[in-house]
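Survey of secondary and tertiary structure
Each chain is listed here by its residues.
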Amino acid sequence: MIHFQGNQVVSQAILQDAIQGVAVGMPYTEDRFRDALNASVRPIYEARGRVRVSFPTIKTTPNKDITGLDVTVTVDEGETFNLGKVSIEGPTPLKPEDLLNAGEFKTGDLANFDKVNDGLERMKKALRHAGYMNAQVTPRRAVDDEKRTVALTLWVDAGTQFTMRKLTIVGLDLDSEAEIKRIWIMTPGKPFNPDYPDLFLKRVKEEGLFDNLGKTKADVKINEQDHTADVTLTFNGAPPDIKTGRGRGGRGY
């Protein structure tokens, strides 16, 4: 049994649910148990701006009913912190202001690190859409205990940019295939956006470009050696011709 004391912001039940999934059945050492606390319980507090949460004491006693230990954790929840300045340090292939806008960080709001991590994912998504498939964004915290703020400095490791190489169309006649290729805007040599193929097919279906269009599928082959991508679009159940009045003369998808 794992029990917490000193907690007021987060209930006993929430803390127990978080730790039991990773700690129950684990061979016990204090260091290993603290690692489990930091991995499972600390994020719960950091989502509430409690970045100085700590676990001053951990006590164990033999369980009377089973072979194992009862663990009592003292929690010092700390104070609430707000998010300070968020900045990008070092080079980045996209404009820093565009990446920060993608992150949607709210300086002055509660330092909710669930939201911060969501923002970092949005930044990585923006980089992936620009072809940087393996991009990583690493934050470094600067905690100001007097002002109770947490500033973030972000380091961008964009990696190598991937580009579009070849588009293959399956299941259409030559005229329909030519029209699909015309409105497909991710042409060879352009940065490869991994979300674009599925988005393209979704728009084709929503716009009603074909009558009786069945299932569609996008398959992507990533070529790590030359940092390119090949895309195959498969159309099932489409008629031989594009629907009259659809898809001609309009902008690309």
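This structure is a prediction, so every number in the text was calculated from the model and none was measured.

1. Quick look at the confidence of the model for the protein chain
Per-residue pLDDT for the protein chain has a mean of 92; in total, 94% of the residues score no lower than 70. Throughout residues 244-250 the model reports pLDDT below 50, and contacts reaching past four residues in sequence, or to other chains, amount to 11 contacts.

2. Structural notes on the pattern of salt bridges
For the structure on display, the rule yields 11 salt bridges. In this structure, the salt-bridge partner of Asp226 is Arg165, at a minimum N-O distance of 3.3 Å. One end of the pair, Asp226, is in the loop between strand 8 (216-223) and strand 9 (228-235); the other, Arg165, is in strand 7 (residues 163-170), with 61 residues separating them in the sequence. In this structure Arg165 comes out as partly exposed when scored by relative accessible area, which is 38%. Measuring nitrogen to oxygen at the nearest pair gives 2.8 Å for the salt bridge that ties Glu179 to Arg182.

3. Things to note about the pairing of strand 2 (residues 58-62)
Bridge count between strand 2 and strand 3 (residues 69-74): 5 bridges; the pairing is antiparallel. By the bridge assignment, Ile58 is partnered in strand 3 with Val73. With antiparallel pairing between neighbouring strands as the criterion, strand 2 and strand 3 make up a hairpin whose turn holds 6 residues.

4. Description of the environment of Ile180
When you line up the elements, Ile180 lands in helix 6 (residues 174-183). Judged by relative accessible area, which is 0%, Ile180 ranks as buried. Separated by 38 residues in sequence, Ile180 and Ala142 place their C-alpha atoms 50 Å apart. With residues up to four places along the chain from it excluded, the contact list for Ile180 reads Ile169, Leu172, Phe200, Val204, Leu209, Phe210, Leu233 and Phe235.

5. Examining the packing of aromatic side chains
If you walk through the whole model with that rule in mind, you get 5 aromatic pairs. Both rings, one in Trp184 and one in Phe200, keep their centres 5.0 Å apart while their planes meet at 75°; by these two values the pair is edge-to-face. In this pair, Trp184 sits in the loop between helix 6 and helix 7 (196-206) while Phe200 sits in helix 7, placing the two residues 16 residues apart along the sequence. Like Phe200, Trp184 is buried.

6. Points about the layout of surface pockets
By volume, the largest pocket amounts to about 250 Å³. Lining the largest pocket we find 15 residues, and of these Met1, Ala23, Val24, Gly25 and Leu69 sit closest to its centre. The element contributing the most residues to the lining of the largest pocket is strand 3, with 3 residues. Here the lining of the largest pocket is built from residues that sort into 10 nonpolar, 4 polar and 1 charged. Considered as a void within the structure, the second largest pocket measures approximately 180 Å³ in volume. As for the second largest pocket, its lining consists of Leu83, Glu104, Phe105, Lys106, Asp109, Leu110, Ala111, Asn112, Lys115, Val116 and Arg122. Examining the composition of the lining of the second largest pocket, we find that 3 residues originate from one element, helix 5 (residues 113-129), more than from any other. Its residues assigned to classes, the lining of the second largest pocket comprises 5 nonpolar, 1 polar and 5 charged.

7. Looking at the packing of helix 1 (residues 12-23) against helix 2 (residues 30-40)
Following both chains from N to C, one finds helix 1 and helix 2 inclined at 130°, their axes separated by 9 Å at the closest point. Viewed along their axes, helix 1 and helix 2 adopt a mutual orientation that is oblique. By crossing handedness, the relation of helix 1 to helix 2 is classed as right-handed. Facing helix 1, whose interface residues are Ala18, Ile19, Val22 and Ala23, helix 2 presents Phe33, Ala36, Leu37 and Ser40. When its residues are assigned to classes, the contact of helix 1 with helix 2 shows 7 nonpolar, 1 polar and no charged.

8. Regarding the packing of helix 4 (residues 96-103) against helix 5
At a minimum axis separation of 7 Å, helix 4 and helix 5 run at an interaxial angle of 130°. Between helix 4 and helix 5, the crossing angle belongs to the class labelled oblique. Where helix 4 crosses over helix 5, the two elements pack in a sense that is right-handed. In contact with Leu99, Ala102 and Gly103 of helix 4, helix 5 contributes Gly119, Arg122, Met123, Ala126 and Leu127.

Criteria and thresholds
Residues numbered from 1 in each chain as written. Predicted model: local features only at pLDDT ≥ 70, side-chain atom pairs only at ≥ 80, totals over all residues. Heavy atoms only, no water. pLDDT = per-residue confidence, 0-100. Contact = heavy atoms within 4.5 Å. Salt bridge = Lys/Arg side-chain N within 4 Å of Asp/Glu carboxyl O. Helix = DSSP H or I, 4+ residues; strand = E, 2+ residues; numbered from the N terminus. Buried < 20%, exposed > 50% of the residue type's maximum accessible area, 1.4 Å probe, protein only. Pairing = 2+ DSSP bridges. Phe/Tyr/Trp six-rings, centres within 6.5 Å; stacked < 30°, edge-to-face > 60°. 1 Å grid on protein atoms, 1.4 Å probe; cavity = no way out; pocket = protein on both sides within 12 Å on 5 of 7 lines; lining within 4 Å. Points joined across faces, edges and corners; volume = space filled by probe spheres on them. Nonpolar A, V, L, I, M, F, W, Y, C, P; charged D, E, K, R; others polar. Axes fitted to C-alpha atoms, helices over the stretch in contact; angles between N-to-C directions. Parallel < 35°, antiparallel > 145°, perpendicular 65-115°, else oblique. Left-handed = near helix turned anticlockwise from the far one by under 90°.

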